[in-house]
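Residues per chain, in single letters:
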Amino acid sequence: MARAVVSYSVAHTVVPTYFCFNRCTYCTFRQDGALALIGADAVAAELRAARAQDVCEILVLSGEVHPRSAQRESWFKTVLNVCDQALKHGMLPHTNVGPLSWAEMDQLAHVNASMGLMLESTSPALQLKGGPHFRAPSKDVALRKQQLEQAGKLRVPFTTGLLLNIGEHRERDTRDSLQYIAQVHREYSHIQEIILQPFQPGQSSRAETSSADQRSPMTPRMSEIDAEYLFETVRLARALLPESVAIQVPANLMDLGQIVQCVELGASDLGGLGIVRDEVNPLYAFPSMSSLSNALAVRGFQLGMRLPVHKSFYSWCRSARVSELVREWHERIQQSATLLHVP
Ligand SMILES: O=c1nc2n(C[C@H](O)[C@H](O)[C@H](O)CO)c3cc(O)ccc3cc-2c(=O)[nH]1
Ligand SMILES: C[C@H]1O[C@@H](n2cnc3c(N)ncnc32)[C@H](O)[C@@H]1O
Ligand code: MET
Ligand code: SF4
């Protein structure tokens, strides 16, 4: 019998800006100061390098500009241009840049294979004084929910998920968040994947890390309590969501044994792997493909490369440019056993 496949994406992250008008207390990505947008030359250089390394997915991850700011338009144009250039370089964008207006999301849908926005958590307490989202208007629960609905109405293949360990009630809030995702998916059938992302406390901020970036990345470690909570959440997500919705867990935040355990409980995706630098958690090292592959094989699983859009959503592509590239990449990974199943 064929072994069950655990998928991963060969991704490179492009960051339009580290500026952000929100101040999520857990964020090590945002930088203080004025809005600084990535330049066209830097975008081209990054994309060329990524394509040369056989990267398929361009993850567009950005800090945010207030929707009513005079700078919103130039920020949005930059995001749109990164996607457009990624397609021109032969790669498929997946954009996660915070809440978008209907018109913005609609425009981006034409130049993306899929899009994403983490629900984070439906817990209202996180927005109160002292909570991690108190100074993050974009993390308003009603707004996040509206965004998931908007993506459904626009028929955008969508990735969402939960950020765990940020002060949510581990039983009540987590169940409520997963139930909400299940409900919005029942209505629009557009959720292709959910990410269960455990927040690892004790990380330094980007300002501190940028000078120390050369430091060798840390070995992933998760306390037993946190690992138990993640396992429990994977189990609950698998029970509440239909089998067609993939569950992604990050491969750089836990050890191989914990990854395998998540997979046995129902996780089926490891997100970006291979040559990836995790822009959000840059301090944590990824396991090598061979060690991952070996650990999974012992339990009867094999790695398989996927596109940023999952197979059942290929027909949702909004433009001929995106569909053609999806077809090309699909054929490429089907033909290439080395890319599809790492030995
Ligand atoms: O496919 C996605 N992957 C997301 N990923 C995972 C990504 O695909 C990679 O697995 C990691 O960034 C490692 O390269 C995130 C990882 C984080 O640490 C924080 C946020 C995200 C957000 C997304 C996302 O919106 N879509
Ligand atoms: C893009 C996504 O990154 C996540 N995010 C932001 N900061 C961190 C962090 N320190 N650790 C893990 N995830 C984080 C949020 O869930 C956001 O939605
Ligand atoms: C590092 S977060 C990047 C995406 C966006 N700012 C969000 O929080 O949803
Ligand atoms: S909205 Fe995203 S980029 Fe901005 S502070 Fe929050 S997590 Fe960081």
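A quick note: this is a predicted structure, and the numbers were derived from the prediction, not measured. Counting from 1, residues in each chain are numbered in the order their sequence is written. To label them, take the chains in the order written and letter them from A, then take the ligands in the order written and number them from 1. At least 70 in pLDDT is required for a residue's local features to be given in this predicted model, at least 80 for side-chain atom pairs to be given and counted, and no such filter applies to totals for whole chains, interfaces and linings, which use all residues. Only hydrogens and water are set aside when side-chain values are computed; all heavy atoms of the structure are taken into account.

With that settled, the discussion passes to the nonpolar core. The biggest cluster of nonpolar side chains holds 87 residues, and the ones touching the most others in it are Leu92, Ile194, Leu196 and Leu270. Working rule for contacts: check all heavy atoms of both residues, and any pair within 4.5 Å makes them a contact. Residues within four places of Leu270 in sequence aside, it is in contact with Val6, Ser7, Gln248, Val249, Ala251, Ile259, Leu292, Leu296 and Leu303. Definition of nonpolar core: a set of buried residues of the types Ala, Val, Leu, Ile, Met, Phe, Trp, Tyr and Cys, connected through side-chain atoms within 4.5 Å. For every residue, the accessible area (1.4 Å probe, protein chains only) is compared with the maximum for its type, and the residue is labelled buried under 20%, exposed over 50%, or partly exposed between those bounds. By size, the runner-up hydrophobic cluster in this structure holds six residues, among which are Cys24, Tyr26, Ala136 and Ile166.

Let's shift gears to unusual backbone geometry. Phi is positive for Asp54, close to 65 degrees, though the residue is something other than glycine. Numbered from the N terminus, helices here are DSSP runs of H or I no shorter than four residues, and strands are runs of E no shorter than two. Within the secondary structure, Asp54 is located in the loop between helix H1 (40-52) and strand S3 (57-61). The backbone phi angle of Arg155 is positive, close to 55 degrees, even though this residue is not glycine. Structurally, Arg155 is set in the loop between helix H4 (141-153) and strand S6 (158-164).

Each residue is tested against the molecule or strand, and it is near if at least one of its non-hydrogen atoms lies within 4 Å. Neighbouring ligand 4 are the residues Cys20, Asn22, Cys24, Cys27, Phe29, Arg30, Gly63, Glu64 and Lys139. Classifying every residue of the shell around ligand 4 by side-chain character gives four nonpolar, two polar and three charged. The residue classification treats Ala, Val, Leu, Ile, Met, Phe, Trp, Tyr, Cys and Pro as nonpolar and Asp, Glu, Lys and Arg as charged. All others, Gly included, are polar.

Before going further, it helps to examine the site of ligand 2. The immediate surroundings of ligand 2 are formed by Tyr26, Cys27, Thr28, Leu61, Met118, Glu120, Lys139, Leu163, Gln197, Phe199, Val280 and Asn281. With respect to ligand 2, the side chain of Glu120 contributes an N or O atom lying 2.5 Å from an oxygen atom. Residue classes in the shell around ligand 2 are distributed as seven nonpolar, three polar and two charged. Distance and chemistry together define a polar contact, namely a pair of N or O atoms within 3.5 Å, with one atom able to donate a hydrogen and the other to accept it when in protein, and with adjacent residues in sequence counting only for side-chain atoms on both sides.

Moving on, we come to the confidence of the model for the protein. The share of residues in the protein with pLDDT of 70 or more is 92%, and the mean pLDDT across the chain is 92. Across the chain, each position has a pLDDT score giving the predictor's confidence in that residue, from 0 to 100. Predicted confidence is poor over residues 207-214, with pLDDT under 50, and the contacts of this stretch with residues over four places away or in other chains come to three contacts. Two numbers describe this predicted complex: its pTM, 0.93, and its ipTM, 0.92.

With that out of the way, let us pick up the pairing of strand S2 (residues 11-14). Successive side chains on a regular strand alternate, one facing one side of the sheet and the next facing the other. Note on pairing: two strands pair once DSSP finds at least 2 bridges between them. One ladder, built from four bridges, connects S2 with S3; its direction is parallel. The residue bridging His12 from the neighbouring strand is Ile58, located in S3. For the crossover from S2 across H1 to S3, the handedness is right-handed. With strands facing away from the observer, any crossover in which the path from the first strand over the helix to the second runs clockwise is taken as right-handed.

Attention now moves to empty space enclosed by the protein. Here a cavity means grid points, on a 1 Å grid over the protein atoms only, where a 1.4 Å probe fits yet cannot get out; a pocket means an open set of points with protein on both sides within 12 Å along at least five of seven lines; lining residues are those with an atom within 4 Å of a point. Grid points are joined across faces, edges and corners, and a volume is the space filled by probe spheres set on the points. A complete count under the given rule lists three cavities of 30 Å³ or more for this structure. Considered as a void within the structure, the second largest cavity measures approximately 60 Å³ in volume. Lining the second largest cavity we find Ala109, Asn112, Ala113, Ser114, Met115, Arg155, Val156, Pro157, Trp316, Cys317 and Arg318. Tallied by class, residues from the lining of the second largest cavity come to seven nonpolar, two polar and two charged.

Time to look at the environment of Gln150. Tracing the sequence through the fold places Gln150 in helix H4. When its relative accessible area of 5% is taken as the criterion, Gln150 is described as buried. C-alpha of Gln150 to C-alpha of Arg238: the two residues are 88 residues apart in sequence and 24 Å apart in space. Non-local contacts of Gln150, meaning those with residues more than four positions away in its chain, are made with Leu100, Ser101, Trp102 and Met105.

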